[in-house]
Amino acid sequence: MKEYQTITEISGPLVYAEVDEAIGYDEIVEIETAQGETLRGQVLESSEGLVAIQVFEGTSGIDQNASVRFLGETMKMPVTEDLLGRVLDGSGRPIDDGPEIVPEERQDIVGAAINPYSREYPEEFIETGVSAIDGMNTLVRGQKLPIFSSSGQPHSQLAMQIARQASVPEEEEGDDDEDGSEFAVIFGAMGITAEEANEFMEDFERTGALERSVVFMNLADDPAVERTVTPRMVLTTAEYLAFEKDYHVLVILTDMTNYCEALREIGAAREEVPGRRGYPGYMYTDLAQLYERAGRIQGRDGSVTQIPILTMPGDDDTHPIPDLTGYITEGQIYVDPDLNSQGLQPPVNVLPSLSRLMDDGIGEGLTRADHGGVSDQMYAAYAEGEDLRDLVNIVGREALSERDNKYLDFADAFETEFVDQGFDTNRELEETLEIGWDLLSMLPKEELNRVDEEFIEEYYREEDDEREVVEAAD
Amino acid sequence: MSKAESTETTGDGVIQSVSGPVVSARDLDARMNDVVYVGDEGLMGEVIEIEGNITTIQVYEETSGVGPGEPVENTGEPLSVDLGPGMLDAIYDGVQRPLDVLEGKMGSPYLDRGVDAPGIDLEKKWEFEPTVEVGDEVGRGDVVGIVEETVTIDHKVMVPPDALEEGETTEIASIEPGSFDVTETVAELDNGESVSMHQEWPVREPRPSANKKTPRTPLVSGQRILDGLFPIAKGGTAAIPGPFGSGKTVTQHQLAKYADADIIVYVGCGERGNEMTEVIEDFPELEDPANGNPLMARTSLIANTSNMPVAARESCIYTGITIAEYYRDMGYDVALMADSTSRWAEAMREISSRLEEMPGEEGYPAYLAARLAQFYERAGYFENVNGTEGSVSAIGAVSPPGGDFSEPVTQNTLRIVKTFWALDADLAERRHFPSINWNESYSLYKNQLDPWFQENVEEDWPEKRQWAVDVLDEETELQEIVQLVGKDALPDDQQLTLEIARYLREAYLQQNAFHPVDTYCPPEKTYLMLTTIETFNDEAFDALEAGVPVEEIIDIESVPRINRIGVQEDYEEYVEELKADITEELRSLY
């Protein structure tokens, strides 16, 4: 391996070095500073005689005398089942004082695209125990469903609730699952604060979830450039556990906004032509290469389900990060600041939320035959109730018809009864749907035009006594 | 160049630099748009810029690990597709590599690099049946025989356009029925040329046609809001813009499933892998509503998902439309769905920015509008060079950032296409599907298609449509007042109009794509549904005039049954009965 002391330019996270051999694109580089510190980087552009290197740890301490070594291979993640229970840094090195990790394989972190022909369509329902998700925006195995949130919202609690609860039924059902696929959580933190990280870790430890989890930690004060490799490390590990070791893997990535900021930083340092709001023009492709690593593969028992979390700058979902994400992922869950300030737990706004794979994952034989109808009807009714709230502000409740008042009551009850379940309550789907029917029964039967008549017969509550309790409680 | 035959490579070069999908090479003797093989692994690429001794190449595969000094081979031919039997019931990536074959060749569910496969099976034998005899005169594009490609489609074997000059004819020297693979000669021509089932065509060049005509037949989609209000013609162009989650893909899938075209080419351009898998799993099982055969028998799929190489995303649209044009030449009506053209435009932007070209609006290259126009102009109702008529309808989904229709891709598309189906996030949020906004959408084909609907459905089709549009327009105006003062403050007749409009919206415009019956609505049913609502309208206004209070009219028992027409299989009887019940009930009030 040749060593060069030929650095010609250092700019932001980038180092340019002259070389006299062919260096492959994306190759891994080690830079040893005069102080003996070793930094790692990756080739961003390779031309004859000159390469551009992005340094993960940042370029401080590097001078023109630093020596540069090209390792002749692209970045690899050492993977093994023993990673479960371990805490690693953003570049995949253990930081939990545990034993050394002996890898079974070293896999390229830039995963190749899954052949669409080899995929299996996801349609296995995951019970998260959260009504707003199970009932209205059902998650299925192999889906990528991000949480769109903004600063100061309890998105982490929601993610933890999902990770905690989604795993439980799987273990109970152990015997139905003849292949014995187990559940694993891989947690990738990118640029979150140490405090947030502690919350996650405490929760992992409290619930004993750590032993079937792998944690990758890139904290806010860790090098920003490292964030661009953290999710790739995470997903490489996830794919290994899912498709070679048959685990059902739930990947939580937080916070994608920090990841995109890091991309922008590198783009700016390279003086690239910027796209919208200064983010690089290839951000869609880059994000797609992460999100599309969710899924199921024919003939393999495991699955990779992704829940990326992103905080929308200014709570604006037209910002490039949520916008591009929404075009790639299969739906999104909105955490709403207004609902949060009303004290709803979790403060999920179901109206803009969506799960694209829901229709194929629910219904007879999968969840319950009336699931689709109930969900559609509640959507329509809640949307109507929401509209009427604006009107009430102007004309007052008395000016509205009896029908309109029922919709207003429905919308209120929907929030307090259905959505606001608390971060520690685990609701079974059956319970979620029953609450749904309790609420729908507040409306006149004729209004239920999205539900098949047979289900109205079966589930509609004819007596009003149950409902009055709720209305009185408002 | 085509992958079906190995061409001799000429003028090799050496890689000078690598930056993502853009590679530059020196000493390469190449023309613009030549296909080249890059590096030791032979990754496929295309020449996109030549400057002095330096050639810039966009590579269709991941370039990790490729470095300077590695060789670049030129094939000397532009990017082409293999045309011939076997394109239907197939699934390709953006450069027409069959994904099922790749899976076998790579032995892994992941897409490896440097593996190539011809677009059509070169060894499969097809039963060729001549339709001309020795001595018959043939010209360019003339059909010499057919093979049964799938249960639904007879593939017509044509004289390739480059075998003869324009207008020139020659005689068939020999032709035999029998079993051939696509490379074997099935007919010899008098001028020495031979005809096989296999043709190649450069994707960026439209296939020749005799004449473009005004389209006058609708592409019936079985979707009420499309057929009823905003129809597209066979040979027409349409855009479906909408923010994420508004139902672009479901609308495209519905069209692919139920549009009455002979052939469907579905291009998944930079979209989700799971969505393509859904198509791959669903289509072979779904029945073609026209003949009960599997839908895949008339479908060719191109799946270049968002994580597949960006350069192949740029080319997948061209691959799709070239395949569509080939079937058009056989005299078929082809419908091409491109989901989504924004991803295609972004691929152009990404490549353009790597080339450090001067950006136009929002970073898109200045040639964006021209490329979009060139693509949509390849659609149309054509008189083919062989005298048959065929059409290519192009339906492009657009994914505007933030759902803002003023962005360049939407705007440049709208300048070209004649049908605009605007998807609306508000409607989607309240689960009004298809969430096509009836105020913003339009179809410029309406007038030229009316005679067809009058002849094939009902004479007063245009009047009924206009009535529905008027009611919906009035509702929009009234809603503004309702927002201020509440519904009860409106006079009775206006309250009634709102109620009528509600049925139009909820029963007529909404359609459940996941309901086995409602998912496809023939134009006759669309028509009957509308007349049922109109019956209610007419009778209700008569009752109102006779002094019946509006609350009583709205509350009649039979009218909510309108909402269930969509799910009725025997809708004629149901509608008949319902109309009678509504009339009777309303008349009994006065």
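Residues numbered from 1 in each chain as written. Chains lettered and ligands numbered in written order. Predicted model: local features only at pLDDT ≥ 70, side-chain atom pairs only at ≥ 80, totals over all residues. Heavy atoms only, no water.

Trainee: What should I look at first to understand the sheet that holds strand 10 (residues 137-139) of chain B in this one?
Mentor: In a beta sheet, neighbouring strands are held together by backbone hydrogen bonds and run either parallel or antiparallel to one another. Residue and element names in this part refer to chain B. Spatially, 10-13-15-16 is the arrangement adopted by the four strands of the open sheet, whose pairing is antiparallel. Where the open sheet ends on each side, the last strands, each with one partner, are strand 10 and strand 16 (194-196). Neighbouring strand axes in the sheet, compared pairwise and without regard to direction, differ in orientation by 45° on average. With three bridges joining them, strand 15 (residues 185-189) and strand 16 adopt antiparallel strand pairing. Looking at the pairing, A187 lines up with V195 of strand 16. (Pairing = 2+ DSSP bridges. Helix = DSSP H or I, 4+ residues; strand = E, 2+ residues; numbered from the N terminus. Axes fitted to C-alpha atoms, helices over the stretch in contact; angles between N-to-C directions.)

Trainee: Hey, could you run me through the UniProt feature "binding site: ATP" (unreviewed entry) in chain B in this one?
Mentor: All names here are of chain B. UniProt records the feature "binding site: ATP" (unreviewed entry) at G242, P243, F244, G245, S246, G247, K248 and T249, using the numbering of this structure. Relative to the elements of secondary structure, K248 occurs in helix 3 (residues 248-258). Judged by its relative accessible area of 6%, K248 falls in the buried class. Considering the arrangement of structural elements, one finds T249 in helix 3. T249 sits in the buried class, given a relative accessible area of 9%. Leave out the neighbours within four places in its chain, and T249 touches Y266, E271, E275 and D339. (UniProt positions renumbered as here; feature names shortened; annotations may be inferred. Buried < 20%, exposed > 50% of the residue type's maximum accessible area, 1.4 Å probe, protein only. Contact = heavy atoms within 4.5 Å.)

Trainee: Sorry if this is basic, but what is going on with empty space enclosed by the protein here?
Mentor: A water-sized probe, rolled over the atoms, reveals where empty space remains. Tallied over the entire structure, the rule returns seven cavities of 30 Å³ or more. Within this model, the largest cavity holds a volume of roughly 620 Å³. Taken together, the residues of the lining of the largest cavity sort by class into 15 nonpolar, eight polar and nine charged. In this structure, the second largest cavity encloses a volume near 150 Å³. Taken together, the elements giving at least two residues each to the lining of the second largest cavity come down to helix 6 (283-291) and helix 7 (320-328) of chain A together with helix 6 (341-354) of chain B. Element by element, the count of residues in the lining of the second largest cavity is highest for helix 7 of chain A, at four residues. Residue composition of the lining of the second largest cavity, by class: eight nonpolar, three polar and six charged. (1 Å grid on protein atoms, 1.4 Å probe; cavity = no way out; pocket = protein on both sides within 12 Å on 5 of 7 lines; lining within 4 Å. Points joined across faces, edges and corners; volume = space filled by probe spheres on them. Nonpolar A, V, L, I, M, F, W, Y, C, P; charged D, E, K, R; others polar.)

Trainee: What should I look at first to understand the confidence of the model for chain B in this one?
Mentor: As a note on interpretation, predicted positions should not be read in detail where pLDDT is low. Residues and elements named next belong to chain B. Here chain B averages 90 in pLDDT, and 98% of its residues register 70 or above. Predicted confidence for residues 1-9 stays below pLDDT 50, and this span has 32 contacts to residues more than four positions away or in other chains. In the predicted assembly, ipTM is 0.83 and pTM is 0.88. (pLDDT = per-residue confidence, 0-100.)

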